[in-house]
Amino acid sequence: MEKEDVNPGDIGQFSVYIDSNLIQETLANSTEYNEYIIPTMNYSGVHNITVSWNGGNSAYVDDFFTTLKYPAPISNFTLAIDPTIPNKVQFNFLSKGYIDTLKWNFGDGSTSTSTNPLHYYSKNGTYTIELTTTGPGGSTTLNKTITLTHVDTTKPTATASVGSGIYNTTQVVKLSISEPGTIYYTTDGKTPTTTSQKYTGPIKIAKTTTLKFRAVDRANNYSPVYTKTYTIDKVAPEIISTTPKDYATGYSKTTAVSFKFSENIKTGINWTKISVENLNTGKLVSITAKTIRNNILYIQTVNRLSGDWYQVYILAGAIKDYAGNKGQNAYFYFRT
Ligand SMILES: [Ca+2]
Ligand SMILES: [Ca+2]
């Protein structure tokens, strides 16, 4: 306020009222001006302002209506292109004032409302970055332009040291990436993301597992998602029944005899060590065919003699499961 006709040196009461509410009262010297800055963020809108000075032999009052407004914020930011990763740009928000919201437009079709975003551009080009800062006093926008060259647009690839398959031992799987970067993986069947487990060293696969992994290079290019399925089977196949049953009598002289296993089988290293012996004569019986169908091993012999005892015998390793676990020694007896 500007004061007139006051005696130099007078001390008076300087008061400010907004809508008749006293918001400021100080002792002030009778200099030409007294000043108080109203915090407009607390008083947006139309108000009745009263200022007064009262001291010595004089007093001064000013009374008026005015519209108090928030000032619009001032948009400002800096940006920094990573010197070794030419598409990686860090933005720093430096806007000032009364701010409710902010929005970045990176000029490549993507936006962000983070305060200090990190953004990867996917190709070379000139981009205009727009920062809009909005508050009760309005919005302001600041533009800056960057030109990016040498952007890495090549996607990485990744490989696993062990292929999908059926194994009878714990597998140790190493993952590798075609260029500097990071590999993320899951073992629960979910698609890996950058919040998944980060690959830091060989992965032990002790049980049947689906391993999915994906590489990300330093420029934020993603490889495809790779999937490996490891079936870990450490259990040897077991015999669950024979035909005929052990110690059966009156069995056919011509029908094949068979072992039924707990799982599907293949021929093993001792496949030739399967025998059928006539215990009455003490002689081996000629085997004319050995056949595997899923989990059953059929043994066909020449015609057997009537009323004799036979032993069917398979040596350990004659058969194995698909993981390579060997079957054990097994035999049974029957009589024709
Ligand atoms: Ca790359
Ligand atoms: Ca098995």
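Right, let's walk through the structure included here. (Residues numbered from 1 in each chain as written. Chains lettered and ligands numbered in written order. Predicted model: local features only at pLDDT ≥ 70, side-chain atom pairs only at ≥ 80, totals over all residues.)

Scanning the protein chain from N- to C-terminus turns up zero helices and 30 strands. Computed over the C-alpha atoms, the radius of gyration of the protein chain is 44 Å, more than 25% above the 20 Å expected from 2.2 N^0.38 for a compact globule of 336 residues. Taken over the C-alpha atoms alone, the protein chain extends approximately 145 × 45 × 30 Å along its principal axes. Split into buried and exposed, the 336 residues of the protein chain put 21% on the buried side. For the protein chain, the share of sequence-separated contacts (at least 6 apart) that also reach a separation of at least 24 residues comes to 60%. (Helix = DSSP H or I, 4+ residues; strand = E, 2+ residues; numbered from the N terminus. Rg over C-alpha atoms; globule rule 2.2 N^0.38 Å. Buried ≥ 20, exposed ≤ 12 C-beta atoms within 10 Å, placed from the backbone. Contact = placed C-beta atoms within 7 Å.)

Moving on, we get to the nonpolar core. Counting residues in each nonpolar core, the largest one holds 16 residues, and the members touching the most others are Val276, Leu297, Ile299, Val312, Ile314 and Ile319. Elements with a contribution of two residues or more to this core: strand S22 (257-261), strand S27 (296-301), strand S28 (309-314) and strand S30 (330-335). Contacts of Val312, omitting those with residues within four sequence positions, involve Val257, Val276, Ile299, Tyr331 and Phe332. (Core = buried A, V, L, I, M, F, W, Y, C linked by C-beta atoms within 7 Å.)

Taken together, four strands build an open sheet; the order of strands is S25-S24-S28-S30 and the sheet is antiparallel. With partners counted over all chains shown, the strands left at the sheet margins are strand S25 (283-284) and S30, one partner each. Inspection of the sheet shows strand S24 (residues 274-278) paired to S28 by five bridges, in the antiparallel sense. Looking at the pairing, Asn278 lines up with Tyr310 of S28. (Pairing = 2+ DSSP bridges.)

What follows covers the pairing of strand S7 (residues 101-105). Of the two faces of S7, the one lined by Leu102 and Trp104 is fully buried and the one lined by Thr101, Lys103 and Asn105 carries no buried residue. Examined bridge by bridge, S7 and strand S10 (residues 125-135) share five bridges and lie antiparallel to one another. Residue pairing across strands places Lys103 opposite Thr132, the latter belonging to S10. Bridge count for S7 against strand S8 (residues 111-112) is two bridges, and the pairing is antiparallel. Paired with Trp104 across the strands is Ser112, a residue of S8. Linking two consecutive strands that pair antiparallel, namely S7 and S8, is a turn of five residues; a positive phi of about 85 degrees is found at Gly107 within it.

To continue, consider the sheet that holds S22. Strand order in this open sheet of four strands is S21-S22-S27-S26, and the pairing throughout is antiparallel. Whereas interior strands pair on both sides, the edge strands pair on one side only; in this sheet they are strand S21 (239-243) and strand S26 (287-293). Going across the sheet, the axis of each strand differs from the next one's by a mean of 15 degrees, ignoring polarity. (Axes fitted to C-alpha atoms, helices over the stretch in contact; angles between N-to-C directions.)

With that settled, the discussion passes to the environment of Lys174. Here Lys174 lies in the loop between strand S14 (171-173) and strand S15 (175-177). On the basis of neighbour count, Lys174 is assigned to the exposed category, with 12 C-beta atoms found within 10 Å. In contact with Lys174, other than residues within four places in its own chain, are Ser161 and Pro202.

Here Asn303 lies in the loop between S27 and S28. By the C-beta count within 10 Å, which is 12 here, Asn303 ends up exposed. For the pair Asn303 and Ser252, spaced 51 residues apart in sequence, the C-alpha separation works out to 9.2 Å. When neighbours within four sequence positions are excluded, Asn303 is seen to be in contact with Lys253 and Thr254.

Pairing analysis gives five bridges linking strand S5 (residues 77-81) to strand S6 (residues 88-93), with the strands arranged antiparallel. What sits directly across from Leu79, in S6, is Phe91. Following S5, the chain reverses through six residues before pairing antiparallel with S6.

By themselves, these are just geometric observations and shouldn't be taken as functional.
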